[in-house]
Amino acid sequence: MKALKGLFLPLLVLLTAGWCAAAAPIEDGSRLWLRLDTVDGGGSTARISGVAGVAMTELQTYWQGGPVVLRQQKGLPREGYTIRSQGGKTVISAAGKVGLFYGASHLLRLQATGQPCEGLDISEAPFYDLRILDHWDNPNGTCERGFAGRSIFFDPDPARIAMYARANASVGINGTVLNNVNAKPEALSAASLEKARSIADQLRPYGIRVYLSINFASPIRLGGLKTADPLDAGVIRWWKAKVDEIYRLIPDFGGFLVKANSEGEPGPQDFGRTHADGANMLADILRPHKGIVMWRAFVYKPQSSDRANQACEEFMPLDGRFRDNVVIQIKNGPVDFQPREPYSPLFTALRHTSAMVEFQLTQEYLGAANHLVYLAPLWQEFFSFVPPGSLRAMAGVANIGDDVNWCGHHFAQANWYAFGRTAWNPSLTPEAIATEWLAQTFDLREASLRDPLLGVMLDSREAAVSYMMPLGLHHIFAGNHHYGPEPWYSPRGLRADWTPPYYHRADSVGLGFDRTLKGSANVAQYPDSLARLYNDIETCPENLLAWFHHVPWDHRMKSGRTFWDELCRKYDEGVREARRFLSVWDAMEPCIDARRFGEVQRKLRIQARDAVWWRDACLLYFQTFSQRPIPPDVEHPVHNLDEMMRFKIRISMYENPESGYTK
Ligand code: GCV
């Protein structure tokens, strides 16, 4: 079917190209999905009446339709809104100005996506109260795992920050953590706080609250104290004074995000205390200001037998011991934002503690800003196991930088957009969100033009899993930067859980990490029905097989093929998909402005090339263990394993990928 689509698509697009805007003007992507033309001055002011504020400005600038009334109305949910067509007018009602902006954005979205703007009777309220972007931005302006340039907060450009605020609020994002979870103590210095105040002032009209990541040892490293023990009176006084200082500057400050006792960051355990001791100390100080603590559960130590077990091991004994203004922020999977992981069992294990999910928008493990990978299907997969209602909030590690197109790849903007829309309403389908985004971002409203690209977006995550690490493989990335494949990476002396062999465990018997009851018993952290399913190699979902099992090379798959043959096919399928994405895009040329078309095309070529590199590296390397031939109907590797193993990817190669990977 896909092959057929590949054949007919270019023809179809050419036939329908007449519907595309002829010779679309050059665009650089800086307007994101907010590309409506501005309304000519006159008249518009009179058409928009009611409550003054950002909603009114937005409508005055972009709304092309009839009169709109903005009305404040008691009794509606705090950030919700209604939109009703009444007597020739459109009435947007909300409890406050932020709700009015959300309503105005929705009306403009209807306009931009070509939907009816009359006969409206809409009532909306956000599913989560907290819809937060976590920036991993450093004080020196770099962004950890950022692939879209430097931090927009380093030397903030007011016009850029205003656009950032509009964009976030247009999809309902209402919080932003300004700095990296690997936080420097100076994040709380007077100068940093003054900068945070200025950003907070610019974001406030759009309903976005500012949060900060903190370094748990700040009382020592910034305050000059001898300890950061959370039960020490002097330490508590120091934090209280610091929190008071913050709230004097930022009265609606949201609270702290904390990475403690993880990957070398300081934490309460350094002083013989627990995560709960640390989190509660901060929570008590923040409470009078209505601030919260987001305490991360991303913890693992080198000595443990299975990294995937550790969050439950550390946090379950503390269940019920956290204050109610503490939320445990848990990555969607138990290891680390891999292309596919099962959900983190901590979500279903915690019973008496608030939890929020942390997704990663920046594509640390998904081809950086070079690969088109639409993430909403990954989030939907997560929500099929962890009901949205069991969580208090949703956070996403931002993929935003000072690149002109904000995210490094035009399609990475879709992940920012989809994050906001999903946090607003997790029951929106990835398809519905992508459809909205394509209409707004590329003016693709005609189904015949849009659908092939929509298909690419929806298939892109599965394709990346296939060409990177199918069938439950995980963390076989190149050391440190996580861009390309290095399943062999294992420098002497490096802790084992920072090397791919720890995760894939390839040997002459098979491939994969035994997490069954006979192995690390990770399956036991899941509810019984899932534990049973995952524990048995015959019932374990095949897309997680090597996650939970050490799978024999000749294990019979549902297709009737051996595991080895299936692995070969999956890798090859990923390569074919990446090539298909490129051909779909190539056929879109008549419909897309030249600059964005060329930029995306270059990235898709890189993606297709990288997919071959992944397939070749992994299959040739695993073949040294399997000792089995690559099936004849699978495209054979074009690279040589020794050369690939000798070759060291340098960061410049994925930041400037056109320099190429080969010697
Ligand atoms: C911010 C992974 C990433 C780190 C990141 C860490 C975390 O280990 O590689 O860059 O640090 O996760 O989420 O804390």
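**A short note on helix H17 (residues 528–535)**
Residue pairs spaced three or four apart in an α-helix point in one direction, given the helix's 3.6 residues per turn. Within H17, burial applies to Leu530, Ala531 and Tyr534. For H17, the arc enclosing every buried residue in end-on projection is 105°, short of the 170-degree limit, so these residues lie on one face. Summarising the geometry of H17, the exposed residues directed more than 90 degrees from the buried face are Asp528 and Arg532. Those residues of H17 that are buried are in contact with helix H18 (545–548).

**Some words on the site of the ligand**
Surveying the vicinity of the ligand reveals 15 residues, the closest of which are Glu144, Lys259, Arg296, Lys331 and Glu364. Arginine 296 has a polar side-chain atom sitting 2.6 Å from an oxygen atom of the ligand. In this structure, aspartate 336 approaches the ligand through a side-chain N or O atom, which is 3.2 Å from an oxygen atom. Notes on the ligand: free accessible area 340 Å², of which the protein chains cover 96%. A class-by-class count of the residues in the shell around the ligand yields four nonpolar, three polar and eight charged.

**With respect to the nonpolar core**
Counting 213 residues, the largest nonpolar core has Phe256, Trp295, Trp416, Leu567 and Phe622 as the members making the most contacts within it. If you tally residues by element for this core, the top one is helix H20 (residues 594–626), at 15 residues. With residues near it in sequence (within four places) discarded, phenylalanine 622 still touches Leu473, Ile476, Pro487, His504, Ala506, Leu511, Trp553, Trp564, Leu567 and Tyr571.

**Examining the confidence of the model for the protein chain**
Chain-level pLDDT for the protein chain is 94 on average; 94% of the residues reach the 70-or-more range. Under a pLDDT of 50 for its full length, residues 656–663 has, in the predicted model, 22 contacts with residues more than four places off or in other chains.

**Quick look at the sheet that holds strand S11 (residues 326–331)**
Spatially, S6-S7-S8-S9-S10-S11-S12-S13 is the arrangement adopted by the eight strands of the closed barrel, whose pairing is parallel. Direction aside, the axes of adjacent strands within the sheet are offset by 25° on average. Taken together, the five bridges between strand S12 (residues 355–360) and strand S13 (residues 393–397) define a ladder with parallel strand orientation. Within S13, the position partnered with glutamine 360 by the bridge is valine 397.

**Description of the environment of leucine 107**
Here leucine 107 shows up in helix H4 (residues 97–112). Overall, leucine 107 belongs to the buried group, its relative accessible area being 0%. Separated by 10 residues in the primary sequence, leucine 107 and cysteine 117 have C-alpha atoms spaced 7.3 Å apart. Setting aside chain neighbours within four positions, we find leucine 107 in contact with Leu59, Trp63, Val68, Ile83, Thr90, Ile92, Cys117 and Leu120.

**A word on the packing of helix H13 (residues 413–424) against helix H14 (residues 430–442)**
How two helices sit against one another is set out by the angle between their axes and by the gap between those axes. Closest axis-to-axis distance for the H13/H14 pair is 10 Å, and the angle between their directions is 130°. Classed by the angle they form, the pair H13 and H14 counts as oblique. Handedness of the H13/H14 crossing: right-handed. Contacts from Gln413, Ala414, Tyr417, Ala418, Arg421 and Thr422 of H13 reach H14 at Ile433, Glu436, Trp437, Gln440 and Thr441.

**As for helix H8 (residues 233–249)**
Helix length check: H8, at 17 residues, gives a terminal C-alpha distance of 25 Å against a target of 24 Å (1.5 Å per residue), a fit within 8%. If you follow the buried residues of H8, they end up packed against helix H6 (190–203), strand S8 (209–214), helix H7 (218–221), strand S9 (255–258) and helix H9 (275–286). Capping of H8 at its N-terminal end is provided by aspartate 232; its side-chain oxygen lies 2.9 Å from the backbone amide nitrogen of glycine 234.

**Focus on the domain arrangement of the protein chain**
By domain assignment, the protein chain separates into domain 1 (31–124), domain 2 (130–442) and domain 3 (467–513 + 550–662). Spacing between the C-alpha centres of domain 1 and domain 2 amounts to 31 Å. On the domain 2 side, the residues contacting the 18 residues of domain 1 number 26 residues. Of the roughly 2,100 Å² buried between domain 1 and domain 2 on both sides combined, carbon and sulfur atoms contribute 60%. A per-residue breakdown of the area domain 1 buries against domain 2 is headed by Leu32, Trp33 and Arg109, which together make up 38% of the total. Our count for the contact surface shared by domain 1 and domain 2 stands at two salt bridges.

**What to know about the pattern of salt bridges**
Under the counting rule described, the total for this entry stands at 45 salt bridges. The residue arginine 596 makes a salt bridge to glutamate 27 at a minimum N-O spacing of 3.7 Å. Taken together, the residues arginine 596 in helix H20 and glutamate 27 in the loop between helix H1 (2–16) and helix H2 (44–47) connect sequence positions 569 residues apart. The same class applies to arginine 596 as to glutamate 27, namely buried. Between arginine 197 and glutamate 194 there is a salt bridge, with the nearest N and O atoms lying 2.6 Å from each other. Residue arginine 197 and its partner glutamate 194 are both found in helix H6; the two are separated by three residues, about one turn of the helix.

**A word on the pairing of S9**
Relative to S9, S8 is paired through four bridges, and the arrangement is parallel. Bridge assignment links serine 213 to a residue of S9, and that residue is leucine 257. Note that S9 and strand S10 (residues 292–296) share four bridges and pair parallel. Bridge pairing in S10 places valine 258 opposite tryptophan 295. Handedness of the β-α-β unit built from S9, H9 and S10 comes out right-handed.

**Things to note about unusual backbone geometry**
For phenylalanine 337, which is not glycine, the phi torsion reads 50° and is therefore positive. Within the element layout of this structure, phenylalanine 337 appears in the loop between S11 and helix H11 (346–349). Judged by its relative accessible area of 6%, phenylalanine 337 is buried. Even without a glycine there, the phi angle at glutamine 627 is positive, about 55°.

**Quick notes on the pairing of S12**
Across the six residues of S12, six count as buried, placing the element largely inside the fold. Residue alternation in S12 divides its side chains into two sets, Ala355, Val357 and Phe359 and Met356, Glu358 and Gln360, and both sets are buried. Here S11 pairs with S12 via four bridges, running parallel. Of the residues in S12, the one forming a bridge with isoleucine 330 is valine 357. On the question of chirality, the crossover connecting S12 to the parallel S13 by way of helix H12 (residues 376–383) is right-handed.

Quick notes on the rules
Residues numbered from 1 in each chain as written. Predicted model: local features only at pLDDT ≥ 70, side-chain atom pairs only at ≥ 80, totals over all residues. Heavy atoms only, no water. Buried < 20%, exposed > 50% of the residue type's maximum accessible area, 1.4 Å probe, protein only. Helix = DSSP H or I, 4+ residues; strand = E, 2+ residues; numbered from the N terminus. Arc of directions from axis to C-beta. Contact = heavy atoms within 4.5 Å. Near = heavy atom within 4 Å. Polar contact = N/O pair within 3.5 Å; in protein donor to acceptor, adjacent residues only side chain to side chain. Areas by Shrake-Rupley, 256 points an atom, 1.4 Å probe, with all protein chains shown as cover. Nonpolar A, V, L, I, M, F, W, Y, C, P; charged D, E, K, R; others polar. Core = buried A, V, L, I, M, F, W, Y, C linked by side-chain atoms within 4.5 Å. pLDDT = per-residue confidence, 0-100. Pairing = 2+ DSSP bridges. Axes fitted to C-alpha atoms, helices over the stretch in contact; angles between N-to-C directions. Parallel < 35°, antiparallel > 145°, perpendicular 65-115°, else oblique. Left-handed = near helix turned anticlockwise from the far one by under 90°. Expected span 1.5 Å × (residues − 1). Domains from an automatic or database assignment. Buried area = accessible area lost by both parts, 1.4 Å probe. Salt bridge = Lys/Arg side-chain N within 4 Å of Asp/Glu carboxyl O. Right-handed = clockwise from strand over helix to strand, strands pointing away.

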